Amino acid sequence: MDCKDFSIENYHLSYRTGCMLEEPLFVLPPYFEPWNKLSIAVGDLVKEGRVRDEVHKLPLLDHTKLVGYRQLRLAHLQLSFITSGYVWQDGDKGAAKILPKSVAIPFYYISKHLGVHPILCHMDLVLSNLIIRDSYNGEYDDLTNIDCFYRLPGGEVAKPFVTVTMLVEMEFAKCLKPMEKVINLVQEYKFEKDQVYHYYIMQDIVGHLEYLAECIKDMKKAFSLMHDNLPAATFFNVLRPFLGGWGGEGNVLPDGLIYEGISDKPVQLSGGSAAQSTSMQALDAFLGVSHFGEKNEFLLSMRRSMPPDHMRFIEDLEKYSYLSSYVQDMDVPALTKAYNKCINASLEFRSFHVGIVTKYIISAAKTTNEGNYKSLDEKGTGGTDLLPFLKGLITDTQRRLIKTNRPNQEEMAKRDGKRNMYFFIGLALSGLLVFALSRKVLT
């Protein structure tokens, strides 16, 4: 890739919907009608305890009849919902150890084709499930005009978990343009020799960073809608268990889940997690925020549940975003301040996330816990120890704040004045030279 021409369009991202599909499919062709019917009914069937009965009636369909990327994405969503309902229908004590081949075989090969895991993940629940009504106004709080087609148990009461997350993703979409602009401007600065033009490039970067900081703040504002729209008891007892994974210490399926017809060996996979969203990992990469040890290992593992193009987006940001080193090298107060605004906005988002986790998981485990899914009482659905992990991300982000060696704004004003003076002196001298040459030619 030419790092001087960084483009969002290379990663199947949208300036309107970000990482979400702009026009997802919601119904597969008639051949796949058994999947269509069962996946849309999973929420009701879980309440009736009938998901497994219906799965056992499913024929083994030929997944190679799926045509195109959107059909594959929808099929993955449908089979992930069916799988989650099948495994967790009866709680921890009745967790299924084997996924029938009618689901396991097509789910495995569709996942392999898409480059993701055969389990319910953020890509399915949020990124492939968006309905935008024509009256959507583009604001962070327009929850009435965003909807999801496929729903897990909990119905209308649980729906805001998905739709609020969709609004956060919509606000992240607004971050993409300034991120793209800044990366290309920093590259342009490196190759541009004109010192006066350097100054104007820097001014553009400052403007884009200030706008980006506001976009990140709006992500937090959208996230805050969770408090008023989603009851903690509904999330903890009804919805959250169906985002769980299988395998590992403390899991009710410690060896994993057997995908019948694929292998007799159980497969261990992490469940759905906010860390599977490209948004914060992309912002970290863009801003130069690094994580270490187990935190970084977990975040890297979550990328394998993202669409491969989105994972590549993060990786390329890590390669081609020289923003933090540029800010440090320039050591200009206005630039440093704009950069730090972005870091502080990210810190506010992450701190708010800690509050959400405390309310919906830590406190809910003590106050509203019905006890059907004890394996998730203290861990995230992705398998992490929640609060230590999230607080560690905050600490890593705080380390990225940059101090300038020249914080004096008066000095900055003088420096800007000198640059402007030199610029206009240069213009004046150029004008005099042109005038003198023209006189010489005339004489």
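Scroll up to find the structure this text is about.
Just so you know, these numbers come straight off a predicted model, no measurement behind them. (Residues numbered from 1 in each chain as written. Predicted model: local features only at pLDDT ≥ 70, side-chain atom pairs only at ≥ 80, totals over all residues. Heavy atoms only, no water.)

## A few points about the overall build of the protein chain
This is how it is decided: Here a helix means four or more residues in a row that DSSP labels H or I, a strand means two or more in a row labelled E, and each is numbered from the N terminus. With a 1.4 Å probe rolled over the protein chains alone, any residue whose accessible area is under 20% of its type maximum counts as buried; one over 50% counts as exposed, and the rest are partly exposed. Throughout, a residue-residue contact means that at least one pair of heavy atoms, one from each residue, lies within 4.5 Å. Surface accessibility follows the Shrake-Rupley procedure with a 1.4 Å probe radius. Residue values consider only the protein chains on display as shielding.
Along the protein chain, the regular secondary structure elements total 17 helices and four strands. Among the 443 residues that make up the protein chain, the fraction classed as buried is 53%. Residue pairs at least 24 apart in sequence account for 80% of intrachain contacts in the protein chain once pairs closer than 6 positions are excluded. Within the structure as shown, the protein chain displays about 20,400 Å² of accessible surface, and the carbon and sulfur contribution to it stands at 53%.

## Details of the side chain of Thr17
Along the polypeptide, Thr17 turns up in the segment before helix H1 (33-40). Not counting chain neighbours up to four residues away, the residues in contact with Thr17 comprise Glu22, Leu130, Ile132, Glu169, Met170 and Ala173.

## A look at the state of the cysteines
Think of a disulfide as a covalent bridge from one cysteine sulfur atom to another cysteine sulfur atom. How we decide: Criterion for a disulfide: a pair of cysteine sulfur atoms within 2.5 Å.
Inspection of the entire model under this criterion finds zero disulfides. Of all cysteine sulfurs in the structure, the one in Cys175 sits closest to Cys215, which takes part in no disulfide; the separation is 4.8 Å. Relative accessible area serves as the criterion here: at 3%, Cys215 is assigned to the buried category.

## What about the pattern of salt bridges?
This is how it is decided: Just to be clear on terms, a salt bridge is a Lys or Arg side-chain nitrogen sitting within 4 Å of an Asp or Glu carboxyl oxygen.
Inspection of every chain in the model, using the stated rule, returns 21 salt bridges. Residue Asp218 is joined to Lys221 by a salt bridge in which the shortest nitrogen-to-oxygen separation is 3.6 Å. With Asp218 and Lys221 both in helix H8 (residues 195-223) and three residues apart, this pair spans about one turn of that helix. Classification of Lys221 by relative accessible area gives partly exposed; the value is 38%. Here Arg312 makes a salt bridge to Asp309, at a shortest N to O gap of 3.1 Å. One end of the pair is Arg312 and the other is Asp309, both in helix H13 (residues 308-320) and three residues apart, which spans about a single turn. Judged by its relative accessible area of 31%, Arg312 falls in the partly exposed class. Residue class for Asp309 comes out partly exposed when judged on its relative accessible area of 22%.

## Comments concerning the nonpolar core
The condition that has to hold: As used in this record, nonpolar core signifies buried Ala, Val, Leu, Ile, Met, Phe, Trp, Tyr and Cys residues forming a set joined through side-chain atoms within 4.5 Å.
Within the largest apolar cluster, 137 residues are counted, with the highest numbers of intra-cluster contacts made by Trp35, Met179, Leu209, Phe286, Phe313, Tyr326 and Leu335. Counting residues per element, this core draws most heavily on helix H7 (residues 155-191), at 17 residues. Ignoring anything within four residues of it in the chain, the contact list for Met179 reads Phe172, Leu212, Ala282, Leu283, Phe286, Phe313 and Leu317.

## A short note on helix H14 (residues 323-330)
What counts here: Arc, as used here, means the arc of the directions from the helix axis to the C-beta atoms.
Among the residues making up H14, those that are buried are Leu323, Ser324, Tyr326, Val327 and Met330. Taken end-on, H14 shows its buried residues confined to a sector of 160°, consistent with a single buried face. Looking one or two places after H14, you find Asp331, whose phi comes out positive at around 50°.

## Some remarks on a nonpolar patch on the surface
The criterion, for reference: In this scheme, patches are assembled from residues that exceed 30% relative accessible area and form no salt bridge. Like charges are connected within 9 Å, while nonpolar side chains (Val, Leu, Ile, Met, Phe, Trp, Tyr) are connected within 5 Å.
Taken together, the side chains of Val27, Ile40 and Phe149 define a hydrophobic patch exposed on the protein surface, amounting to about 250 Å² of accessible area. Looking at the element boundaries, Ile40 is found in helix H1.

## Some thoughts on the packing of aromatic side chains
Centre-to-centre distance and the angle between the planes together describe a pair of aromatic rings. We apply this condition: Two aromatic rings from Phe, Tyr or Trp, using only the six-membered ring of Trp, form a pair when their centres are within 6.5 Å; if the ring planes differ by under 30 degrees the pair is stacked, by over 60 it is edge-to-face, and anything between is tilted.
Across all of its chains, the model carries 17 aromatic pairs by this definition. An angle of 90° between the planes, with centres 5.9 Å apart, marks the rings of Phe235 and Tyr360 as edge-to-face. Here Phe235 is found in helix H10 (residues 232-239), whereas its partner Tyr360 is found in helix H15 (residues 333-367), with 125 residues between them in sequence. The residues Phe235 and Tyr360 share a single accessibility class, namely buried. In textbook terms, an aromatic cluster arises when at least three aromatic residues are bridged by ring pairs, as seen for Phe26, Phe81, Phe149 and Tyr150.

## Some details on the packing of H10 against H15
Under the convention used in this document: To define axes, lines are fitted to C-alpha atoms, for helices over the stretch in contact only, and angles between the resulting N-to-C directions are given on a 0 to 180 degree scale. Convention used here: angles under 35 degrees read as roughly parallel, angles over 145 as roughly antiparallel, angles from 65 to 115 as roughly perpendicular, and any remaining angle as oblique.
At a minimum axis distance of 9 Å, the contact between H10 and H15 shows a crossing angle of 75°. Overall, the two elements H10 and H15 adopt an arrangement that is roughly perpendicular. On H15, the residues touching Ala232, Phe235 and Phe236 of H10 are Lys359, Tyr360, Ile361, Ala364 and Ala365.

## Describing H7
To keep it simple, the criterion reads: Given a helix with a known number of residues, its expected span is that number minus one, times 1.5 Å.
Between its terminal C-alpha atoms H7 stretches 55 Å, which fits the 54 Å expected from 37 residues at 1.5 Å a residue. Along H7, 28 of the 37 residues are buried, which leaves the element largely enclosed by surrounding structure.

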